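Tertiary structure, described
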Amino acid sequence: MVPSLDGSPGPGWASASLPLAMNASAPVSRPLDVHSHANPDEVRVLHVELDLDMRFDRKVLEGSATLHFERVCPEASALRLDTRALEIRSAATAAGDGPWSTARFEVGPADPILGSALSVALPPGAARARVSYATRPGASGLQWLEPAQTAGKRHPFLFSQSQAIHARSWVPIQDTPSVRLTFAATIRTPPELLAVMGAAGNSTGSRGGTYRFHMPQRIPAYLMAIAAGDIGFAPLGPRSGVYAEPSVVAAAAAEFADTEKMMEAAERLYGPYRWDRYDILVLPPSFPFGGMENPRLTFATPTVLAGDKSLVSLIAHELAHSWSGNLVTNATWSDFWLNEGFTTYIERRIVEEVYGPETAGMEAVLGRQDLEDELVRLEDRDEILHIDLSGRDPDEGATRLPYEKGALFLRSLEELFGRARFDQFLRGYFDHFAFQSITTADFVSYLREHLFAGDSGKSASVALEEWIERPGIPAAAPRPTSEALHRVAAAAQEWAIGRTGPGLEGFPAWTTQERLQFLRQLPSPLAPQRLAELDEAFGLTSSRNAEIASQWLLMSLRGDYAAAAARLEEFLVAIGRRKFIKPLYEELVKTGGGRARALAIYKKARPGYHPIGVDTVDRIVGWQA
Ligand code: BES
Ligand code: ZN
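Values in this document were obtained by computation on a predicted structure and should not be read as measured data. (Residues numbered from 1 in each chain as written. Chains lettered and ligands numbered in written order. Predicted model: local features only at pLDDT ≥ 70, side-chain atom pairs only at ≥ 80, totals over all residues. Heavy atoms only, no water.)

**Thoughts on the pattern of salt bridges**
Short version of the rule: Any Lys or Arg side-chain nitrogen found within 4 Å of a carboxyl oxygen on Asp or Glu counts as a salt bridge. For every residue, the accessible area obtained with a 1.4 Å probe (protein chains only) is divided by the maximum for its type, and the residue is called buried under 20%, exposed over 50%, and partly exposed between those limits.
Going through the model one piece at a time under the given rule, you end up with 42 salt bridges. A salt bridge links D258 to K261; the nearest nitrogen and oxygen atoms lie 3.4 Å apart. In this structure D258 comes out as buried when scored by relative accessible area, which is 6%. Note that D279 is salt-bridged to R277, the shortest N-O span being 2.7 Å. With relative accessibility at 3%, the residue D279 sits in the buried group. Take R277: its relative accessible area is 30%, and that puts it in the partly exposed class.

Okay, here's the thing in structure tokens:
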């Protein structure tokens, strides 16, 4: 018998009174989603009621999840859920509105990627199941922060990050994006904290320790989100606002002042915003991502608070997911590009509407550069939009490729069929598949029927198979250009060959995108004295713009520029955003001395990192607990 993670007896029926027919036969067909143990083809969860206490003293959530389901296959005798390191205390089932009776359950072996299946025995008429459980302090989808890790330093903080398959570490659920459900939640916190969820019911002021939420639209489990802490609020518009720690609220509200304009732009292009409100929660800096599109409540890193709105395309991106991702959802993680490629394309359309084509063009150029950099590192199998992730953690598919190759593909269609035609197509696509989860094949048939039909000439020139099923970038792919970035690249080349030339004195007036382009276009490595020249002229080591700072710190490491060493340590200890910390640790470990330095810094930084950040950096530096 394999012991389960919680030390309980492990697989085997928790109460062995009756024989059980579940799991008796082998699966008949290959499951749609290889990253889930669930059996939605037999029993499909429709609605979940959460009743959870946040125990900051023990860093666990405890309570129950009540699942309402449909018996797709009436003879199925078990509801199978995904869990990861949950402590399952008991299970019960009920028919319709009937009384609860204790149910037998089994926790399967813990797969290192998928976690454990939880099977709950279902008597014939059962339509609801209640699982009493608690999370583990190390739950992969939660981060419990000590007061010292927050801006205010006085209260603890908790936040979830469920994508891709971490919802199962805090809710026993059918954790596959092919299953959509509504939910309601009652959440209890210490009375001085505010709890928020990606749901309706967020309160803008009153606290008291008990909060009720509901999500009336059907969503996949990876979009379930919760947070709590000393959290304040500022409105941004009639249907938008920002939550953050009190000392961060004003800066966040100023940074995100254009949110309502972005919503209006997206609605003009792709139809009504269907989630009622759009709020943003700015998290402490350990949040491992830039943003997460939790419906009604985007979670965002504070590293986008540059003070000049220059990094708000992140909000355009997460908002765009309200159409591509949340409304029309990838059915499996192989179809992740349907979420992120579409969203990256739409993000730039929103940026173009609100900030103009020059800004959108610069971001497209930088995006294509990111893609080229990624292509150098990726294996062929990871350069395919419709990626095969079987046997792998779906987080491994979250490279720049689905974002930027996906966006280029859509842009190539836009260029071929014309913007008006393509906009109309996309709008129809969102209406047609609204609140559904779809596969790449579903998209391809819709594309053939609605964009390709009636223009066989143009359609014949689309290398569909090459774009979607093959590695690399088709030779005919669009090459975004930007005059501004072209000028800056020229200035970088001039400076590199020793001519300061006209243009470099423009640096102080350059936008963040131009500065990034300048830094990226310099030769690598640069000699320490050349790095010092730049630093003295432009104060790069003290830049508070996290994008500029991380790019500069990377160059400083490559060029062995000692004056940036203290800033590097400060940055890596304060910030846990994976996009920034991953390349810095990778660069550090390239030399022997660097690896020792990496370990010394990581020792200080690790206690503050999110489980996802810890997992990433442990591998890079070869951390042994
Ligand atoms: N949904 C993603 C974040 C994500 C992807 C989390 C896969 C876990 C697994 C989100 O919308 C996103 O793409 N965030 C980006 C920012 C964006 C501006 C490119 C990020 O966090 O870097
Ligand atoms: Zn995204």
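**Describing the sheet that holds strand β3 (residues 78–83)**
Defined as follows: For two strands to pair, DSSP has to find at least two bridges joining them. Under the DSSP-based scheme used, a helix requires at least four consecutive residues in state H or I and a strand at least two consecutive residues in state E, with every element numbered from the N terminus. Interaxial angles span 0 to 180 degrees and are taken between N-to-C directions of axes, which are lines fitted to C-alpha atoms, for helices over the stretch in contact.
In spatial order, the strands read β3-β7-β6; together these three strands make up an open sheet with antiparallel pairing. Bordering the open sheet on either side are β3 and β6 (105–107), each of which pairs with just one other strand. Within the sheet, the average angular offset between the axes of one strand and its neighbour, ignoring direction, is 15°.

**Some words on the site of ligand 1**
Defined as follows: Only a single heavy atom is needed: when it lies within 4 Å of a molecule or strand, its residue is near that molecule or strand. Under this definition, polar contacts are N or O atom pairs within 3.5 Å; protein pairs additionally need one hydrogen-donor-capable and one acceptor-capable atom, and for neighbouring residues in sequence, both atoms have to be side-chain atoms. For the accessible areas, the method is Shrake-Rupley and the probe is 1.4 Å, while residue cover comes only from the protein chains on display. Polar here means any residue outside two lists: the nonpolar Ala, Val, Leu, Ile, Met, Phe, Trp, Tyr, Cys and Pro, and the charged Asp, Glu, Lys and Arg; Gly therefore counts as polar.
Near ligand 1, the surroundings consist of 16 residues, among which Q163, G290, E293, E318 and Y403 are the closest. At a separation of 2.7 Å, a nitrogen atom of ligand 1 approaches a polar side-chain atom of Q163. A distance of 2.9 Å separates an oxygen atom of ligand 1 from a polar side-chain atom of H321. When isolated, ligand 1 has an accessible area of 520 Å², and the protein chains bury 91% of it. Listed by contribution, the elements that provide at least two residues to the shell around ligand 1 are β18 (291–292), α3 (313–320), α4 (336–355) and α6 (400–417). Broken down by element, the residue count for the shell around ligand 1 peaks at three residues, all from α3. In terms of residue class, the shell around ligand 1 is built from six nonpolar, six polar and four charged.

**Looking at the environment of R180**
To be explicit about the condition: Note on definitions: a residue-residue contact is assigned when non-hydrogen atoms from the two residues lie within 4.5 Å.
Its location among the elements puts R180 in strand β11 (residues 180–188). Looking at R180, the relative accessible area reads 5%, which means it is buried. Counting along the chain gives 113 residues from R180 to L67, while the straight-line C-alpha distance between them is 13 Å. For R180, the contacting residues outside a window of four places in its chain are V45, L46, R218, I219, P220, N326, L327, T329, F435, Q436 and S437. Within the structure, the side chain of R180 is placed 2.8 Å from the side chain of T329, a separation counted as a polar contact.

**Some thoughts on the coordination of the zinc ion (ligand 2)**
Put simply, the rule reads: Shown as donors are all N, O and S atoms within 2.8 Å of a metal ion, widened to 3.2 Å for Na, K and Ca; because water is not in the atom set, sites may appear incomplete. Key to geometry: four donors with every angle between 85 and 135 degrees are tetrahedral; four donors are square planar and six octahedral where opposite donors lie over 155 degrees apart and all remaining angles lie between 65 and 115; all other sites are irregular.
Listed as protein donors to the zinc ion (ligand 2) are H317 (NE2), H321 (NE2), E340 (OE) and E340 (OE); their distances from the metal cover 1.9 to 2.8 Å. Around the zinc ion (ligand 2) sit six donor atoms; with metal-centred angles ranging over 52 to 159°, the donor geometry is irregular. Each donor residue of the zinc ion (ligand 2) belongs to the same chain, and together they define the spacing H-x3-H-x18-E. With H317 in helix α3 and E340 in helix α4, the pair connects residues that are 23 residues apart, well separated along the chain. Classification of H317 as buried rests on a relative accessible area of 9%. The exposure class of E340 is buried, given its relative accessible area of 2%.

**Digging into unusual backbone geometry**
The amide bond that connects Q163 to the next residue, A164, takes the cis arrangement and shows omega of 0°. Note that the residue after S524, namely P525, is joined by a cis bond; omega there is 0°. Its identity as a non-glycine residue notwithstanding, K59 has a phi of 55°, on the positive side. For K59, the position within the fold is in the loop between β1 (43–55) and β2 (60–71). Backbone geometry places D560, a non-glycine residue, at a positive phi of 55°. Mapped onto the elements, D560 comes out in the loop between α14 (546–558) and α15 (565–574). With a relative accessible area of 62%, D560 lands in the exposed category.

**Examining the pairing of β3**
Counting buried residues along β3, five of its six residues qualify, which places the element largely inside the surrounding structure. Direction of pairing for β3 relative to strand β7 (residues 116–121): antiparallel, over a ladder of six bridges. Counterpart to L79 in the pairing with β7 is V120.

**A short note on helix α18 (residues 611–621)**
In terms of burial, α18 is a largely internal element, eight of the 11 residues being buried. Of the positions making up α18, those classed as buried are I612, G613, V614, T616, V617, D618, I620 and V621. Of the residues one or two after α18, G622 is the one with positive phi, at around 65°.

**Let's talk about the sheet that holds strand β13 (residues 210–220)**
The strand order β5-β4-β8-β2-β1-β11-β13 describes an open sheet built from seven strands, whose pairing is mixed. What marks the edges here is a single partner per strand, and that holds for β5 (101–102) and β13.

**As for the environment of I231**
Tracing the backbone through its elements, the reader meets I231 in the loop between β14 (226–229) and β15 (232–237). Judged by its relative accessible area of 2%, I231 falls in the buried class. Residues in contact with I231, not counting those within four places in the same chain, are F157, L194, V196, R207, Y243, A244, P246 and L281.

**Here's the deal with the packing of aromatic side chains**
Condition: Aromatic rings from Phe, Tyr and Trp, taking only the six-membered ring of Trp, are treated as a pair when their centres fall within 6.5 Å; an angle between ring planes under 30 degrees marks them as stacked, one over 60 as edge-to-face, and anything in between as tilted. Charge-over-ring contacts are defined here by two conditions on Lys NZ or Arg CZ: a distance within 6 Å of the ring centre and an angle within 35 degrees of the ring normal.
In the structure shown here, the tally under the stated rule is 37 aromatic pairs. With a centroid separation of 6.1 Å and an interplanar angle of 80°, the aromatic rings of F336 and Y403 are classed as edge-to-face. With F336 in helix α4 and Y403 in helix α6, this residue pair connects regions lying 67 residues apart in the sequence. Owing to a relative accessible area of 9%, F336 belongs among the buried residues under this scheme. Each ring, one from F342 and one from F443, has its centre 5.3 Å from the other, and the planes form 85°; the classification is edge-to-face. One end of the pair, F342, is in helix α4; the other, F443, is in helix α8 (residues 440–452), and 101 residues separate them in sequence. When sorted by exposure, F342 lands in the same class as F443, which is buried. Between R400 and the ring centre of Y403, over which it is positioned, the NZ or CZ distance is 4.4 Å. A cation sits over an aromatic face here: R530 above W495, 3.7 Å from the ring centre.

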